[in-house]
Amino acid sequence: MDFLVPKLSATMEQAKVLRWLKQPGDKIRSGEALVELETDKAAMEVESPVDGVLEEILVGEGADVAVGAKLAEIGEAGGSATTAPVETKPRPTAAPAPPPVKAPVAPPARPAPAVPPRAAPPPPAARILASPLARRLARERGVDLAVLARTKTGRIRKADVLAATGAARAPASATRPSPVPAHPATDAAAEPLTPMRARIAETVTLSRQTIPAFTLDRFVSTEAVARARAELGPAVERDAGVKLTLTDFLLQALADALGQNPVMLQRFADASGRPGSVRHGQVDIGLVVAVEGGMMIPVLPDLGGRSLAEVGVARRDAVQRVRSGRLVAGDGAPVPIALSNLSRGGADRFEAIIGPGQSSVLAVGREHEAVVARGGMPVVTTGVHLTLSVDHRLIDGVVGATFLGQLADRIEFGPWQS
Amino acid sequence: MQEITYREAILAALQEEMRRDDKILIMGEDIGPSGGPFKTCQGLYEEFGPARVRDTPIAETGFVGAALGLAITGYRPIAEIMFADFLGVCFDQIVNSIAKHRFMSGGKVKAPLVIRAIGGAGLRFGAQHSQTGESWLLSVPGLTIVCPSSPNEAYGMLRAAIRADNPVIVFEHKALLSTKGPVDIGGPIPPLTGPRVLRPGSDATVVASLAMVGRALEAAELLAKDGIEAEVIDIRSLRPMDTGPIAESVRKTNILVTVEEQAQIGGWGGEVAAQVTESAFDYLDAPPARVTLPDYPVPYSPPLEDAAIPSPERIAATVKSLV
Amino acid sequence: MKAKTAKPQRATAKVRPLTDKDRLDLFRMMVRIREFEEEVQRSYLEGLVHGTTHLCQGQEAVSAGTGIVFREDDYIGYTYRGHGICIARGMDAEAAFAELFGRETGVCGGVGGSMHLTDIDKGLIGAFGIVGGGLPVSVGAGVTAQLNGRGQISATFFGDGATNIGAFHEAMNIAQVWKLPVLFICENNLYGEFTRINHTTPYEDLIKRAKGYEMAAVQVDGNDVEAVYAATAEAAGRARAGGGPTFIECMTYRHRGHSRTDPAKYRDPKEVEAWLARDPIKLYEAALIKRKLLTKQKAEAIIAEERAAMRAASERAAAAPWPDAGIDFQALTFA
């Protein structure tokens, strides 16, 4: 089985191998420390999840490794294959002071591990096993097979890709693999998940397991939006037949901000077994739409430079596609970012989960009155919390903060054009 | 629709066609007054006489070759091969003469003839009398090869084969002879070739021939209990092999399983898998699987023979391992 | 060569005596076949004939002597060494050459080739490249002839080598059991491909084969065209009258090797010399001159005419176009 670099803290993205505590050929017991890693927080020992033999060390001491990278190969006692990634239990040691941050390391590589110094050339990148159908779906929907491969033992199949995209299509049968056991042996009364639920469960699990995200927050006033809506809404409704909503304004602002910050249009992707990024050519935005028992994310393509009327029509059509169950091929296309607008919900702010294949997601909380300071005076205004979650593998905090600031300005100050 | 056996369906087709066209005659071993071991020609001799219902010597090369001679000179002969296993005896006539004569003449000589070969395992006949032989002639251009899986198919396909202007090999199955089913007596002549979907399903495509069709349908019943919907397709004709509808099904189900009563190497399942892989590669979610006989001759002892023939359980288990 | 005649099983049918015109026609036909084959050989060396070809020089008397017996509606099956009977039955020489040259105007569109000259409209039901393979087919044509009830016959030509293969025995057996109007015409040229008959067969007189089937049989000098005619006409008359099949063994010799790649060095030069001295055309020319039906000059004139005609046909065939590579092969098989 693979012995991987665990994510030992919320912000951990990489680690340095300080010291191997076991050598190849050593017998190891479950819970026994195998390696000492240095993270951004502390030095930690990582324990073996199983009984067995340390067969091969793939990363030498002193090397930097990314979360999820393979450290070693463990031969399990009894030889049974596992289907889950290694669960490791970090145990803090008496940590020396954190060393200074080193030069940036490469994003996590799968499956080639970081190269140990003075070691033999690395083994060639193992081929990602995926069925032809899974490869096609992944290609069409922008799913990174390398990401899926980290959590999948054996061949990646249709169900895995669909789960990763949260696509609408139900799996052909309830017997397809699901991360949540359909019939947990310990609870006979449990109802199996609906196919949509199972897929969402798998997707969000995958996201949490594989995407090192950080979150940025900003409160913005929607007073300007409300004024523009009252001013422009009737004409748009008359001419384009669509009633403008806050979502349309948010989408137009988001599209403009993305246009100014094309770095936010990157997507994390598999580049022949190595991590890579895809620069998305146009401003495509996924829109999270709630449906009974779950949610879907249709795609609003090419929103750059669109009028509010055009955005409104695109938004209305997308929602209708979801509600009528008639998603089009483009709805499975990869998008760099999604918008989840719960402005009419009950939570002031919330953090959305980045879909596999996306690099960020914008969550919009309850539209509500709040006291803000303006020009040294407390002012009551109406607004929303924007919560932006970002994949740190591609985008750093300063970039995200700049983007969020520009987005907030755009929402608060317009200009709005029908 | 009448409920009759596969044997009666064959007989009905022969009778009907021979009454319709007096250029049709049938030759074979023990098909005359004795009625033969499988009784697929019973009563024909009495009705049509010795000129059109001809008992031959045990000489497949002789009478199968003679069928070609009759066909190219104006008759429409049917040759019955008592056991499909005996096709080996007349291989040269089929491969080098019958299949090629029209071609070698530049298309000028028509050869409308039918070879009926009764094959298949399950009746404890041992290794030399239990083969379906269905793939033996698969690589021979110039032949049409069909495999009726039910009484209605036997009736319809045999009539269509007799009316075809080219050589047709009809593989019948002796384990099916006594099975009953609805037959559209006097109904329209069905297409001679091309597969037929017998049971729709969304989760796996199961393609079978001859007696394996019934077993595939039984397997589909077993799978349905587990919530797996198998689409069962009767391949019907091996040559020409139209895998278009099979690929179409796989585009929907993403899983392909073939079931045939012969050894895996050289079976038609490999060709179906190859063609479907060529035309629907991006829709396959698992490697195509073939359920076949093991790679040894059909054994005699009942438990051994039963274990060798693909069972509904084995077919179902194969499907389950893929979905 | 002395011919032996087996005891016929039925009263000898009446044979139409040959007229003087028939005799001249027989001579001319043997010359035509000879010149056809010589032209094939020349064309082969020029690269016009492809693959291989099997020539019948020396065996023309069998083709001519039997060919004159057949009716338009009889069925004739033969082998890869079957150019002679095709010419004897009136296959157009130019179309035959074109077929050998692989041209579009070939009698089979260039698809068949030297071993598969077929012309169903002339009763030439097919040339079979597998030794013995055509015999059962001719038996089937014999069933047709019998069922039609119009006095047709089916004749099948084969060599001495074919009498060792199963198809021969199955065909002989069925034909005799069903009393089919089939003539089994064996051209015993003493060699099965490259091997002399005494190495492959328990006896050289293949007429003995027929005894096992109680079939009427006759052995004739295959280089004596009138003897071939007489034996064939008698057997045909019997068959047309419902008297069943006959095995006719024609003792003959091929002047060339088995095929164009075979120089036939395995043959005893004395044997070759003896048979060349008994060239059927030379024998018949001498006989007709003796009967004052022919002069040396007239004979040479006939040879020159036929040579020129075959050369002209060959040249026209060589000028014919190749078949279109876009030919619909599916239609050839399943039109």
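> Looking at this structure, I do not really get the overall build of chain A. What am I missing?
Of regular secondary structure, chain A possesses eight helices and 20 strands. For chain A, buried positions account for 43% of its 418 residues.

> Just to check I follow, could you spell out the overall build of chain B for this structure?
Along the backbone of chain B there are 11 helices and 14 strands. Residue burial in chain B is summarised as follows: out of 323 residues, 60% are buried. Relative to all contacts within chain B whose residues are 6 or more apart in sequence, the contacts with residues 24 or more apart total 80%.

> Help me understand the interface of chain A and chain B, please; the structure alone is not making it clear to me.
It is common to give the size of an interface as the accessible area lost on bringing the parts into contact. The interface of chain A with chain B comprises 11 residues on the first partner and 14 residues on the second. For the side of chain A that touches chain B, the element with the most residues is helix H1 (residues 132-141) of chain A, which contributes four residues. A class-by-class count of the residues in the side of chain A that touches chain B yields five nonpolar, three polar and three charged.

> What exactly am I supposed to notice about unusual backbone geometry here?
Apart from glycine, the bulk of residues carry a negative phi angle, and the bulk of peptide bonds sit in the trans form. Cis geometry marks the peptide bond from Gly414(A) to Pro415(A), where omega comes out at 0°. Structurally, the position occupied by Pro415(A) is in the segment after helix H8 (397-413). Residue Pro240(B) is bonded to the preceding Arg239(B) through a cis peptide linkage, with omega at -5°. At Arg124(B), a position not held by glycine, the phi torsion is positive, near 60°. Along the chain, Arg124(B) turns up in the loop between strand E5 (114-119) and strand E6 (144-146).

> What is the right way to look at the packing of helix H6 (residues 246-260) of chain A against helix H7 (residues 308-323) of chain A in this model?
Helix-helix packing is characterised by the crossing angle of the two axes and by the distance between the axes. All names here are of chain A. For the pair H6 and H7, interaxial distance at closest approach is 9 Å and the crossing angle is 115°. One finds that H6 runs roughly perpendicular with respect to H7. Viewed along their axes, H6 and H7 form a crossing whose handedness is right-handed. For the pair H6 and H7, contact is made by Thr-247, Asp-248, Leu-251 and Gln-252 and by Leu-308, Val-311, Gly-312 and Arg-315, respectively. When grouped by side-chain class, the residues that make up the contact of H6 with H7 number three nonpolar, three polar and two charged.

> Looking at this structure, I do not really get the sheet that holds strand E9 (residues 196-199) of chain B. What am I missing?
Strand pairing within a sheet occurs via backbone hydrogen bonds; the two strands may be parallel or antiparallel. Residue and element names in this part refer to chain B. The strand order E9-E11-E10-E13-E14 describes an open sheet built from five strands, whose pairing is mixed. Two strands close off the open sheet at either side, each with one partner strand: E9 and strand E14 (289-293). Each strand of the sheet is rotated relative to its neighbour by a mean of 25°, with strand direction disregarded. Pairing of strand E10 (residues 204-208) with strand E13 (residues 256-263) involves four bridges; the strand directions are parallel. Across the sheet, the residue bridging to Ala-208 is Val-259, located in E13.

> I tried to follow the interface of chain B and chain C on my own but got confused; where do I start?
Counting from both sides, the interface comprises 33 residues of chain B and, opposite them, 34 residues of chain C. Taken together, the elements giving at least two residues each to the side of chain B that touches chain C come down to helix H3 (60-71), helix H4 (91-98) and helix H5 (101-104) of chain B. Among the elements that line the side of chain B that touches chain C, the one with the most residues is H3(B), at nine residues. Considered class by class, the residues forming the side of chain B that touches chain C number 14 nonpolar, 16 polar and three charged.

> Looking at this structure, I do not really get the confidence of the model for chain A. What am I missing?
All names here are of chain A. The pLDDT averaged across chain A works out to 79; a share of 79% of its residues lies at or above 70. Within chain A, the lowest mean pLDDT, 45, falls on strand E9 (residues 90-92), and the highest, 95, falls on strand E18 (residues 360-364). Note on residues 79-123: pLDDT under 50 across the span, and 84 contacts to partners over four residues away in sequence or across chains. Confidence drops under a pLDDT of 50 for residues 168-185, and excluding neighbours within four residues, the segment shows 39 contacts in the predicted structure.

> Can you help me understand the nonpolar core in this one?
Taken as a class, soluble globular proteins show a tendency for nonpolar side chains to be buried jointly. Judged by nonpolar contacts, the single largest core of 221 residues is most densely connected at Val206(B), Val319(B), Met30(C) and Ile248(C). In terms of residue count, helix H8 (residues 225-240) of chain C provides more of this core than any other element does, 10 residues in total. Filtering out sequence-adjacent residues up to four positions away, Val319(B) remains in contact with Ala204(B), Val206(B), Ala219(B), Leu223(B), Ile228(B), Ala230(B) and Val257(B). Among the nonpolar cores identified, the runner-up in size contains 56 residues, and Val242(A), Leu244(A), Leu251(A) and Leu404(A) belong to it.

> How should I be thinking about the pairing of strand E8 (residues 70-76) of chain A in this particular structure?
The side chains of a regular strand alternate, first on one face of the sheet and then on the other. Where strand E1 (residues 2-4) of chain A and E8(A) come together, three bridges link them in antiparallel fashion. Paired with Phe3(A) across the bridge in E8(A) is Ala72(A).

> Help me out: how do you make sense of helix H10 (residues 280-290) of chain C in this one?
Along an α-helix, residues three or four apart share an orientation, since each turn contains 3.6 residues. Residues and elements named next belong to chain C. Taken together, the buried positions of H10 are Pro-280, Ile-281, Tyr-284 and Glu-285. Mapping the buried residues of H10 onto a view down its axis gives an arc of 130°, with all of them on the same face. Lys-292, located one to two residues past H10, shows a positive phi value of around 65°.

> What should I look at first to understand the packing of helix H1 (residues 6-20) of chain B against helix H6 (residues 151-163) of chain B in this one?
Residue and element names in this part refer to chain B. Two numbers describe how H1 lies on H6: the axes approach to 8 Å, and their chain directions differ by 25°. By the criterion of interaxial angle, the relationship of H1 to H6 is roughly parallel. Classified by chirality, the crossing of H6 by H1 is right-handed. Between H1, through Tyr-6, Ala-9, Ile-10, Ala-12, Ala-13, Glu-16 and Glu-17, and H6, the contact on the second element is made entirely by Pro-151, Asn-152, Ala-154, Tyr-155, Leu-158, Arg-159 and Ile-162. Across the contact of H1 with H6, the residue classes break down as 10 nonpolar, one polar and three charged.

> Help me understand the sheet that holds strand E8 (residues 246-251) of chain C in this model?
Residue and element names in this part refer to chain C. Strands sit in the order E2-E1-E3-E4-E8-E7 across an open sheet of six strands; the sheet is parallel. Strands at the two margins of the open sheet, each flanked by one partner only, are strand E2 (124-128) and strand E7 (216-221). Each strand axis lies, on average, 15° off the axis of its neighbour in the sheet, ignoring direction. Where strand E4 (residues 182-188) meets E8, six bridges bridge the pair, whose relative direction is parallel. Counted as the bridge partner of Leu-183 is Thr-246 from E8. Where H8 meets the sheet, its contacts fall on E4, E7 and E8, and the angle it forms with E7 comes to roughly 165°.

> Quick question: what am I supposed to make of the environment of Gly51(C) here?
All names here are of chain C. On the secondary structure map, Gly-51 appears in the loop between helix H1 (20-45) and helix H2 (60-67). Gly-51 gets classed as partly exposed once you count the C-beta atoms within 10 Å, which come to 13. It is 8.8 Å that separates the C-alpha atoms of Gly-51 and Ser-114, two residues lying 63 residues apart in sequence.

Calculation notes
Residues numbered from 1 in each chain as written. Chains lettered and ligands numbered in written order. Predicted model: local features only at pLDDT ≥ 70, side-chain atom pairs only at ≥ 80, totals over all residues. Helix = DSSP H or I, 4+ residues; strand = E, 2+ residues; numbered from the N terminus. Buried ≥ 20, exposed ≤ 12 C-beta atoms within 10 Å, placed from the backbone. Contact = placed C-beta atoms within 7 Å. Nonpolar A, V, L, I, M, F, W, Y, C, P; charged D, E, K, R; others polar. Axes fitted to C-alpha atoms, helices over the stretch in contact; angles between N-to-C directions. Parallel < 35°, antiparallel > 145°, perpendicular 65-115°, else oblique. Left-handed = near helix turned anticlockwise from the far one by under 90°. Pairing = 2+ DSSP bridges. pLDDT = per-residue confidence, 0-100. Core = buried A, V, L, I, M, F, W, Y, C linked by C-beta atoms within 7 Å. Arc of directions from axis to C-beta.

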